[in-house]
Structure formats: C-alpha cells, structure tokens
Amino acid sequence: SSYRQRHLCMCQAAMLSKPAASSGGARLAMLCGGVIAAGVAHALLQEQMLYAMPAKMPLVVTAYEFGVCSSLSGAYLLLAGGGGARAPLWPLARISALVFASLVSGNVALRWVSFPVKVIVKSCKLLPTMALGSLLLHKSYTVWDHAAALLLCCGLVGFTLASHGSAAREPSGGEEEQQTSWVGLALLMLAVCCDAVQVLLQERMMRSHPLLTPMHVMLFTNGIAFAAVVAAIAFTGEVDAVPVGLPWGRLLLYGASSWIGVCCFLALTRSHGGTAAVVATNSRKLVSICLSFIVFPKPVSGMMFLSGASVVSGVAIHATRKATMPTPMPKRRAE
C-alpha cells in the first residue's frame, strides 16, 4: 500500500538522524500502537472505498492522499519552525516521480487483485532490491538473504495461485470480488520496483543534504506528486466519473492516517531503534490482512495460510538480519 511505501521512503532518513534515548515502555507501546492503528485504518479505509465507490477512481484517491500528506507536512514545518533547509529540486523530482508511479500503479492494480494480494506483493520488496543490487551495484548477498528471497517467492506464487483458484471456484461470490489477474500483479511488481529504487535515491539525498529532514521530503515529494496526479486526472478524464457524493470524510481520514503512521514510525525508529520499527510494521501488515478477511469476507483456503506463513517467514528472516546489522554512521566533514 501507499502507507508501506512511505515507510520505505522515510526509513533511511530516520536511521540517519541521531536516535533519542528511550523513554520507557509506555512510549514504546504508544508509538507501536500508533504505527499499527494508523496503518490498519489506512488499509481498511482504502478497501472500503474500493468497494463503496460506484466507479474506480485510483487517481482521485491518490491525489487526495498526496494533498493531505503534503499539507500536514507543511503545517508541521510551519509550526515547528523547520523551514530553513534548501530543497534539492532535481533529486526531489526524481523521487516524486517514483512515488507517483508506485502509488498510482498500486491503486490501479486493485481493479484486478484483492487487497490481501496487494499487501503480500508489496511485502516482497527484497526481491527487486536484490536483483537491482546484483545487476547494477554488483552486491553480494548472504545465505539468509537468499533463503528469505526463496520464501518470499514461494509465498507470493502460492498466495496468488490460491487467490486465483478461489475466485474461479466462486462465480457467484458477489460482484465486488475480483479474480486475480496477471495485469494487476505486473502493476504491483512495478510499484515494488519503484519503491526499491526510491529508497536508494532517498538515502543518497539525505546524506548529501544533512539539513533536509523527513518532513521536508514528505512536503516536497507529495506536493510534486500531487501536481502530477492532478494533471493525470485532467488528461485521462477521470474527473468526469467522480460521483456527486464523494466520501470526503473518509478520504481525509485516509490521507491523515498515512501521515500519522509515518510520524509514529519515525519517532519509534529514533527512540527505540530499527528493530522495534520493523516489528511494528510487520505486525501492522499481518493485522491488516487478517482484518481484511474478517471485515470484507473472501474465499479462504489452506494454501493461502501456508503461502502467507511463507511470506511472513521470509520477511522475518530479512528483518532480523537487517536489524542486527551495524548501521554505518555518516562521516562528518572537517570544520
């Protein structure tokens, strides 16, 4: 989802900031609860609007989320007095293009895949990251990385086939239940690849511009992407399909939950480290999938459980290894 994409966008930035001292279990529980609650709310609102709206409007929904996140980030910087950083426009424009491509392709993919399939595919960012790292950067990976990638591949293929087969066996399961299509999977893989490249560009930019905070990045990337989405809406004519009674309140909560979740994620990473943030993020994904099947009933099979367990295991192996790796400290320039 777009919520997860923003986590990927800001994770490296948070790691480059100086971590604060831990303030106890109450703060840890509050921040973890904020990450999980905001992420689950974002996911359920997205799926509910997907079913409730008479026309599929991925660009309109994406534009509203970009606009809310950019506005809230600007208001935060204005109130906190953090507007002194100079924005590197060209790197921000490239990141915005990737953010735009990722969110739009992920939302458009929901025309052909169910929401749990989207969450599963978006959890497999390790696969394109390893592929791009090997081909472009000539990086080498450990046995644990390859084991995690294998589990993710098995879980992704198994969950997709199980979802496809369940939809095919339920021809009268309701007009809202769509059958998984390879078109939707291709769009999701495009979104995941954009996420992987975007994280690399984000890290490079944050190291080159130490005064730039994650809030600055959210303000400019969401703002530029918002302008691009509005132009795309005008070009595609999607605005003509907008019904008179849009769920404005839910759209506002949808964008606000994304921004609140990222703020909690950043605070959690700074105060309690990357391990706590990874656990909270993966817990949010698991809760979102479970509630998706409960709130919006779908066909369930044993193969889905096994495939989901394979994906969870792969993510856990990768997250554990990443959390135990030493974080390189940025070099200080001589005064």
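Residues numbered from 1 in each chain as written. Predicted model: local features only at pLDDT ≥ 70, side-chain atom pairs only at ≥ 80, totals over all residues. Heavy atoms only, no water.

1. A closer look at the overall build of the chain
Per the secondary structure count, the chain includes 12 helices and zero strands. When the helices and strands of the chain are placed in sequence order, the string is α-α-α-α-α-α-α-α-α-α-α-α. Expressed as a percentage of its 335 residues, the buried residues of the chain come to 49%. Relative to all contacts within the chain whose residues are 6 or more apart in sequence, the contacts with residues 24 or more apart total 89%. Carbon and sulfur atoms form 70% of the exposed surface of the chain, whose accessible area is close to 16000 Å². (Helix = DSSP H or I, 4+ residues; strand = E, 2+ residues; numbered from the N terminus. Buried < 20%, exposed > 50% of the residue type's maximum accessible area, 1.4 Å probe, protein only. Contact = heavy atoms within 4.5 Å. Areas by Shrake-Rupley, 256 points an atom, 1.4 Å probe, with all protein chains shown as cover.)

2. Description of the packing of helix H2 (residues 25-52) against helix H10 (residues 248-272)
It is the contact of H2 with H10, at a shortest axis distance of 8 Å, that shows an interaxial angle of 155°. In terms of orientation, H2 lies roughly antiparallel with respect to H10. In this structure, H2 meets H10 at a crossing whose hand is left-handed. For the contact of H2 with H10, the residue count by class is 17 nonpolar, nine polar and two charged. (Axes fitted to C-alpha atoms, helices over the stretch in contact; angles between N-to-C directions. Parallel < 35°, antiparallel > 145°, perpendicular 65-115°, else oblique. Left-handed = near helix turned anticlockwise from the far one by under 90°. Nonpolar A, V, L, I, M, F, W, Y, C, P; charged D, E, K, R; others polar.)

3. Concerning the confidence of the model for the chain
Averaged over all residues, the pLDDT of the chain equals 75, while 77% of them reach at least 70. Here helix H1 (residues 2-16) stands out as the element of the chain with the lowest mean pLDDT, 49, in contrast to helix H3 (residues 58-80), whose mean of 88 is the highest. Note on residues 168-178: pLDDT is under 50 here. Beyond four places in sequence and across chains, it has 15 contacts. Of the regions scoring below 50 in pLDDT, residues 328-335 engages in two contacts with residues more than four places distant in sequence or in other chains. (pLDDT = per-residue confidence, 0-100.)

4. Description of the packing of aromatic side chains
A complete count under the given rule lists two aromatic pairs for this structure. Pairing Tyr64 with Trp248 gives two aromatic rings, centres 5.9 Å apart and planes at 40°, and the pair type is tilted. One end of the pair, Tyr64, is in helix H3; the other, Trp248, is in helix H10, and 184 residues separate them in sequence. The exposure class of Tyr64 is partly exposed, given its relative accessible area of 25%. (Phe/Tyr/Trp six-rings, centres within 6.5 Å; stacked < 30°, edge-to-face > 60°.)

5. Thoughts on the side chain of Ser73
In this fold, Ser73 is placed in helix H3. Judged by relative accessible area, Ser73 falls into the buried class, the value being 0%. Every residue in contact with Ser73, bar those within four places of it in the chain, is listed here: Met215, Met218, Leu219 and Trp259.

6. Some details on the environment of Leu185
Here Leu185 shows up in helix H8 (residues 182-208). For Leu185, a relative accessible area of 8% corresponds to the buried category. With 79 residues separating them in the primary sequence, Leu185 and Gly106 have C-alpha atoms 9.4 Å apart.

7. Section: the packing of H3 against H10
Interaxial distance between H3 and H10 falls to 8 Å at its minimum, and their mutual angle equals 55°. With respect to their mutual orientation, H3 and H10 come out oblique. Remark: the crossing between H3 and H10 carries right-handed chirality. On the side of H3, the interface is formed by Val61, Tyr64, Glu65, Val68, Cys69, Leu72, Ser73 and Tyr76, while H10 contributes Trp248, Leu251, Leu252, Tyr254, Gly255, Ala256, Ser258 and Trp259. Looking at the contact of H3 with H10 residue by residue, the classes come out as 12 nonpolar, three polar and one charged.

8. Describing the side chain of Lys118
In this fold, Lys118 is placed in helix H5 (residues 115-122). Here Lys118 is buried and forms no salt bridge, its nearest opposite-charge partner Glu65 lying at an N-O distance of 7.7 Å. A polar side-chain atom of Lys118 sits 3.4 Å from a polar atom in the side chain of Asn107. (Lys, Arg positive; Asp, Glu negative; His and termini not counted. Salt bridge = Lys/Arg side-chain N within 4 Å of Asp/Glu carboxyl O. Polar contact = N/O pair within 3.5 Å; in protein donor to acceptor, adjacent residues only side chain to side chain.)

9. Quick word on the nonpolar core
The biggest cluster of nonpolar side chains holds 30 residues, and the ones touching the most others in it are Val113, Val117, Ile120, Val121, Leu152 and Phe159. The set of elements that each furnish at least two residues to this core consists of H2, H5, helix H6 (126-136), helix H7 (143-169), H8, helix H11 (274-295) and helix H12 (302-324). Not counting the four nearest positions on each side in its chain, Phe159 is found in contact with Pro116, Val117, Ile120, Phe293, Met304, Ser307 and Gly308. (Core = buried A, V, L, I, M, F, W, Y, C linked by side-chain atoms within 4.5 Å.)

10. Details of the state of the cysteines
Under the criterion given, the structure shown has zero disulfides. The closest cysteine sulfur to the non-disulfide-bonded Cys263 is located on Cys264, 6.9 Å from its own sulfur. (Disulfide = S-S within 2.5 Å.)

11. So, the environment of Leu253
Secondary-structure assignment places Leu253 in helix H10. Here Leu253 falls in the exposed class, since its relative accessible area comes to 52%. When the C-alpha positions of Leu253 and Val68 are compared, they lie 9.2 Å apart, and in sequence the two are 185 residues distant.

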